[in-house]
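If you want the building blocks of each chain, they are given just below.
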Amino acid sequence: MAASDETPMVQDLASTGFEEPPSRYLVHEQDRHGDLLAAGEMPEPIPLIDLSRLMDADEADKLRAALQTWGFFLATNHGIEDSLMDAMMSASREFFRQPSEEKQKCSNLVDGNGKHYQVEGYGSDKVVSEDHGLNWNDRLHLRVEPEDERNFAKWPSQPESFRDVLQEYASRTKKIRDLVLRSIAELLEIDEDYFVNQISNKASGFARFNYYPPCPRPDLVLGLRPHSDGGLLTILFNDDNVGGLQIQRDGRWYNVPTKPHTLLINLADCLEIMNNGIFRSPFHRVVTNVEKDRLSLAVFYAVDAETMLEPAPGLLDDKRPSRSHGLWEASAQSKSPSYKKHRQQPPTVWSSLM
Ligand SMILES: O=C(O)CCC(=O)C(=O)O
Ligand SMILES: [Fe+2]
């Protein structure tokens, strides 16, 4: 069953069997910039950071190098037990394996209307216009922060473990968020609580479960088109059976490796502005493959939508002026997923100092 006439679930589409995906999924030739599947050889690996050792200078230096080069790092000793990660991945897998009717109980459509979406729930891409290219991806999007705004009506009741496992998982990722934000502030030599203090009890956190079905033409479609994330920080847990995430550096795409029970953490746009562009929010995308489906769980942490974004005052002086043009509300940076997902350039708020 499709979610609506406008947006079929990709999982349903993939099971119908065809040679070429519908045209709305095809990446225009001029946007492919050559072979979608071709990835470069990494100039150096994405650093693996031991989060339990960040107080040691050598580990902090590794984190700095990761943020200066890739904007992404792999994290180990992050405090989430292997068993909890396994439980989270298998509950997610079980959710997407269920029949459509069961998944549609969490639909993001308002009253089943294919034109009215809400932020939370299960769905595929929202069609913004006729020529809007779609991603080969279905997702379940759930608010985890603020805790008292969790909308359990949208949380799957099957598998039964889902709710408890996600609550436990999200309590751990929140601790990781704070640890990483403090470490970044220390690297920048500003008050270690500067970024953490920008997060009020109204700031949002979303868990996005991405499901990428196999695709017969991975050379023509993308699981997720190039984008940078909008908030402060993203904590990503990838299926370790199959790759697909690619990161851009100096205009080239590189495959991001997977490692069991290891998280991938990346900086997002609001933090880029708040750190005055010293550490950037990286562009990334997801390629598909013919044989295997793929799952990922991204937890996005943001500041309040009303927060006025500006570089931390401690980072500014005569030699290091602000790179942002005026103040921006965080909501302008991260409110519109379609704007975010299709932004191809660094935020226009940045001056040519970049
Ligand atoms: O699936 C992935 O590895 C990346 C997901 C992602 O970039 C996102 O949800 O914003
Ligand atoms: Fe992303």
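Residues numbered from 1 in each chain as written. Chains lettered and ligands numbered in written order. Predicted model: local features only at pLDDT ≥ 70, side-chain atom pairs only at ≥ 80, totals over all residues. Heavy atoms only, no water.

Under an unreviewed UniProt entry, the chain has the name Fe2OG dioxygenase domain-containing protein and belongs to Aegilops tauschii subsp. strangulata. As stated in UniProt under Cofactor (unreviewed entry), the record for the chain gives "Fe cation". Quoted verbatim from the Sequence similarities (unreviewed entry) field of the UniProt record, the comment on the chain reads "Belongs to the iron/ascorbate-dependent oxidoreductase family." (UniProt positions renumbered as here; feature names shortened; annotations may be inferred.)

A. Spatial organisation of the overall build of the chain. In terms of helices and strands, the chain carries 10 helices and 14 strands. Put simply, the chain has 354 residues, and 56% of those count as buried. Taking the contacts inside the chain whose residues are at least 6 apart along the sequence as the reference set, 77% of them involve residues at least 24 apart. Split by element, the accessible area of the chain, about 15,900 Å² in all, is 48% carbon and sulfur. (Helix = DSSP H or I, 4+ residues; strand = E, 2+ residues; numbered from the N terminus. Buried < 20%, exposed > 50% of the residue type's maximum accessible area, 1.4 Å probe, protein only. Contact = heavy atoms within 4.5 Å. Areas by Shrake-Rupley, 256 points an atom, 1.4 Å probe, with all protein chains shown as cover.)

B. Representation of the sheet that holds strand β8 (residues 245–249) within the structure. Taking strand neighbours across the sheet as the criterion, the four strands line up as β6-β11-β8-β9 in an open arrangement whose pairing is antiparallel. For this open sheet the edge positions go to β6 (224–227) and β9 (252–255), each flanked by a neighbour on one side alone. Across the sheet, the axes of successive neighbouring strands diverge by a mean angle of 25°, strand direction being ignored. In this sheet, β9 lies alongside β8 in antiparallel orientation, the contact comprising four bridges. Residue pairing across strands places glutamine 248 opposite tryptophan 253, the latter belonging to β9. (Pairing = 2+ DSSP bridges. Axes fitted to C-alpha atoms, helices over the stretch in contact; angles between N-to-C directions.)

C. Structural context of unusual backbone geometry. Each neighbour pair has its own omega, and for glutamate 145 with proline 146 the value is -10°, a cis peptide bond. Mapping proline 146 onto the fold places it in the loop between β4 (138–145) and α6 (162–187). The amide bond that connects glutamine 158 to the next residue, proline 159, takes the cis arrangement and shows omega of -5°. Position of proline 159 relative to the elements: it lies in the loop between β4 and α6. We note that asparagine 77 has phi near 50°; this positive angle belongs to a residue other than glycine. Tracing the sequence through the fold places asparagine 77 in the loop between β2 (72–76) and α4 (82–97). Its relative accessible area of 47% is what places asparagine 77 among the partly exposed residues.

D. Quick peek at the coordination of the iron ion (ligand 2). Protein ligation of the iron ion (ligand 2) involves His227 (NE2), Asp229 (OD) and His284 (NE2), the donor distances falling in the range 2.1 to 2.3 Å. Spacing between the donor residues of the iron ion (ligand 2) along their common chain follows H-x1-D-x54-H. Placement of histidine 227 in strand β6 and of histidine 284 in strand β11 (residues 284–286) is noted, with a sequence separation of 57 residues between them. The class for histidine 227 is buried, based on a relative accessible area of 1%. (Donors = N, O, S within 2.8 Å, 3.2 Å for Na, K, Ca; no water.)

E. Quick look at the packing of aromatic side chains. Scanning the entire structure with this criterion turns up 11 aromatic pairs. For the ring pair tyrosine 25 and tryptophan 136, a centre distance of 5.4 Å and an interplane angle of 80° mean the geometry is edge-to-face. Remark: tryptophan 136 occurs in the loop between β3 (121–123) and β4 and tyrosine 25 occurs in the loop between α1 (10–14) and α2 (29–32); sequence separation between them is 111 residues. Of the two residues examined, tyrosine 25 and tryptophan 136, each falls in the buried class. Judged by centre distance (4.9 Å) and plane angle (70°), the ring pair of phenylalanine 152 and tryptophan 155 falls under edge-to-face. Classification of tryptophan 155 by relative accessible area gives buried; the value is 3%. A connected cluster of aromatic rings, assembled from ring pairs, spans Phe95, Phe96, Tyr122, Phe162, Phe209 and Tyr211. Its guanidinium or amino end placed over the ring of tyrosine 301, arginine 177 lies 5.0 Å from that ring's centre, counting from NZ or CZ. Over the ring of tryptophan 70 we find arginine 249; its NZ or CZ atom is 4.5 Å from the centre of that ring. (Phe/Tyr/Trp six-rings, centres within 6.5 Å; stacked < 30°, edge-to-face > 60°. Lys NZ or Arg CZ within 6 Å of the ring centre and 35° of its normal.)

F. View of the site of ligand 1. Within the structure, ligand 1 sits among 16 residues, and Asn210, Tyr212, His284, Arg294 and Ser296 are positioned closest to it. Contact distances for ligand 1 include 2.7 Å between an oxygen atom and a side-chain N or O atom of tyrosine 212. Here an oxygen atom of ligand 1 and a side-chain polar atom of serine 296 are 2.7 Å apart. Bound to the protein, ligand 1 loses 99% of the 300 Å² it would expose on its own. Those elements giving two or more residues to the shell around ligand 1 turn out to be β5 (205–212), β6, β7 (233–238), β11 and β12 (294–301). Here the element with the most residues in the shell around ligand 1 is β12; it accounts for four residues. (Near = heavy atom within 4 Å. Polar contact = N/O pair within 3.5 Å; in protein donor to acceptor, adjacent residues only side chain to side chain.)

G. The pattern of salt bridges, seen in detail. Under the criterion given, the structure shown has 21 salt bridges. Taking the shortest distance from any N to any O, the salt bridge between aspartate 58 and arginine 53 comes out at 2.9 Å. On the basis of relative accessible area, aspartate 58 is assigned to the partly exposed category, the value being 45%. The shortest N-O distance in the salt bridge between arginine 177 and aspartate 178 comes to 2.8 Å. Note on accessibility: arginine 177 and aspartate 178 belong to one class, buried. Salt bridges sharing common partners tie together Arg53, Asp56, Asp58, Glu59 and Lys62. (Salt bridge = Lys/Arg side-chain N within 4 Å of Asp/Glu carboxyl O.)

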